[in-house]
Amino acid sequence: MKRFYLFLLGILLFSCYSNQQKNQKREINPFQEQAFQYQDIGKTDSAFIFFAKAKDIFLKNKDSLGVASCLINSAIISTNIGDYFGGQELSLNALPYLTTKTKKDSIYLNSNYNNLAIASERLRNYDKAINFYDLAIKFATDSGTIQLYLNNKANAYQGSRQYKNALNIYNKLLRRTNSDQTTYARVLSNVAITRWKLNPNYKALPELKKAFYIRQQENDLWGLNSSYDYISDYYISYNADSTLYYAKKMLANAQQLNSADDQLFALQKLIKFSPQPDRDTYFDRYLKLDDSLQTARNLAKNRFALIKFETEKHK
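Residues numbered from 1 in each chain as written. Predicted model: local features only at pLDDT ≥ 70, side-chain atom pairs only at ≥ 80, totals over all residues. Heavy atoms only, no water.

**Q** I tried to follow the nonpolar core on my own but got confused; where do I start?
**A** Most often, soluble globular proteins have nonpolar side chains that are buried together. The biggest cluster of nonpolar side chains holds 52 residues, and the ones touching the most others in it are F51, I72, L98 and Y113. Element by element, the count of residues in this core is highest for helix α4 (residues 64-80), at 9 residues. Those residues in contact with Y113 that sit more than four places away from it in its chain are L95, F132, L135, A136 and F139. Judged by nonpolar contacts, the second largest core, of 29 residues, contains F212, L244, F265 and L289. (Core = buried A, V, L, I, M, F, W, Y, C linked by side-chain atoms within 4.5 Å. Buried < 20%, exposed > 50% of the residue type's maximum accessible area, 1.4 Å probe, protein only. Helix = DSSP H or I, 4+ residues; strand = E, 2+ residues; numbered from the N terminus. Contact = heavy atoms within 4.5 Å.)

Structure (structure tokens):
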């Protein structure tokens, strides 16, 4: 479940970061402007190509921030298509063009470190991810961004089973969350499931259900996916029928969202807890979807690898 939240966070910060770049009064680079336009309409292949072209112009003009901007945007694109090593490489290449001594570099630095953290977490290198989140928080310039990074850092602690550290952060975030019901439901749900993982006897269901009802009222479909996931996990020790019920709800919701990853998570539970012949049916669906997803991601990685090769060759 964290995977799609990280993806959404990457999209959100990608958009905010790019908009801030557009609003900065610097010399216009037509290739960069075209890259932003492609990015805005979801044509990431073309955006990647034009960010590479824009970077070369910035290099000739000795514009360090321009070079960093293009590298970071390319890095975020790579991470979002599943090329985590490529995303890390591009982000690391951007660092020499940035300085920690000037405030104008802060937006570039926190976005870049956040991308490094997300890529590391997806590669299950949680300790490195936590260090990068700390750096992203250090250079973040507004409270909303800091809270997002803190939530991601807590997720990384949870992924590495450092539940006490995760819970400390979630509790702080819960105290800061007032008017935004969607954010409150997310943090409350994380607090409940983390307390339960620390203590299997903890009665997490009331809080999980409260978060669930808020998400229903807010029509937060992505949040509902998380609630279905957590509640089905909670019921494993108490009621297998309820586990199946919420896993089926998660599968249907994930299909509505066209989230292949979350369909796979739901199918894993349905395979484990369903009776025959349903188990075999779900297993077949899992194999077909997993194969399709891996094929699509490999094609995307290969396509971007070819773009990088062609770009370097033409130099």
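Back to the write-up after that little detour.
**Q** Please explain the packing of helix α3 (residues 44-60) against α4 as it appears in this structure.
**A** In a pair of packed helices, the angle between the axes and the distance between the axes together describe the arrangement. Closest axis-to-axis distance for the α3/α4 pair is 8 Å, and the angle between their directions is 160°. The angle between α3 and α4 falls in the class roughly antiparallel. Relative to α4, the crossing made by α3 is left-handed. For the pair α3 and α4, contact is made by T44, A47, F48, F51, A54, K55, F58 and L59 and by G66, V67, C70, L71, N73, S74, I77 and S78, respectively. Of the residues assigned to the contact of α3 with α4, the class counts are 10 nonpolar, 5 polar and 1 charged. (Axes fitted to C-alpha atoms, helices over the stretch in contact; angles between N-to-C directions. Parallel < 35°, antiparallel > 145°, perpendicular 65-115°, else oblique. Left-handed = near helix turned anticlockwise from the far one by under 90°. Nonpolar A, V, L, I, M, F, W, Y, C, P; charged D, E, K, R; others polar.)

**Q** What is the right way to read the side chain of D63 from this model?
**A** As for its placement among the helices and strands, D63 is situated in the loop between α3 and α4. Within the local environment of D63, its side chain forms a polar contact with the backbone nitrogen of G66, the two atoms lying 2.9 Å apart. (Polar contact = N/O pair within 3.5 Å; in protein donor to acceptor, adjacent residues only side chain to side chain.)

**Q** Whenever I open this one, the packing of aromatic side chains confuses me. Can you help?
**A** Given two aromatic rings, their pairing is described by the distance between the two centres and the angle made by the two planes. The final tally for this structure, using the stated rule, is 14 aromatic pairs. Between the aromatic rings of F48 and F304, the centroid separation amounts to 5.1 Å while the plane-to-plane angle is 85°, which identifies the pairing as edge-to-face. Separated by 256 residues along the polypeptide, F48 in helix α3 and F304 in helix α15 (residues 278-314) bring together distant segments of the chain. For F48, a relative accessible area of 4% corresponds to the buried category. Seen from their ring centres, Y234 and Y235 are 6.2 Å apart, and the 70° between their planes marks the pair as edge-to-face. Classification of Y234 by relative accessible area gives buried; the value is 5%. Judged by relative accessible area, which is 13%, Y235 ranks as buried. Each residue in the set W196, F212, Y213, Y228, Y234, Y235, Y238, Y245 and Y246 is aromatic and connected to the rest through ring pairs, giving one cluster. Taking the ring centre of F50 as reference, the NZ or CZ of K53 above it sits at 4.8 Å. (Phe/Tyr/Trp six-rings, centres within 6.5 Å; stacked < 30°, edge-to-face > 60°. Lys NZ or Arg CZ within 6 Å of the ring centre and 35° of its normal.)

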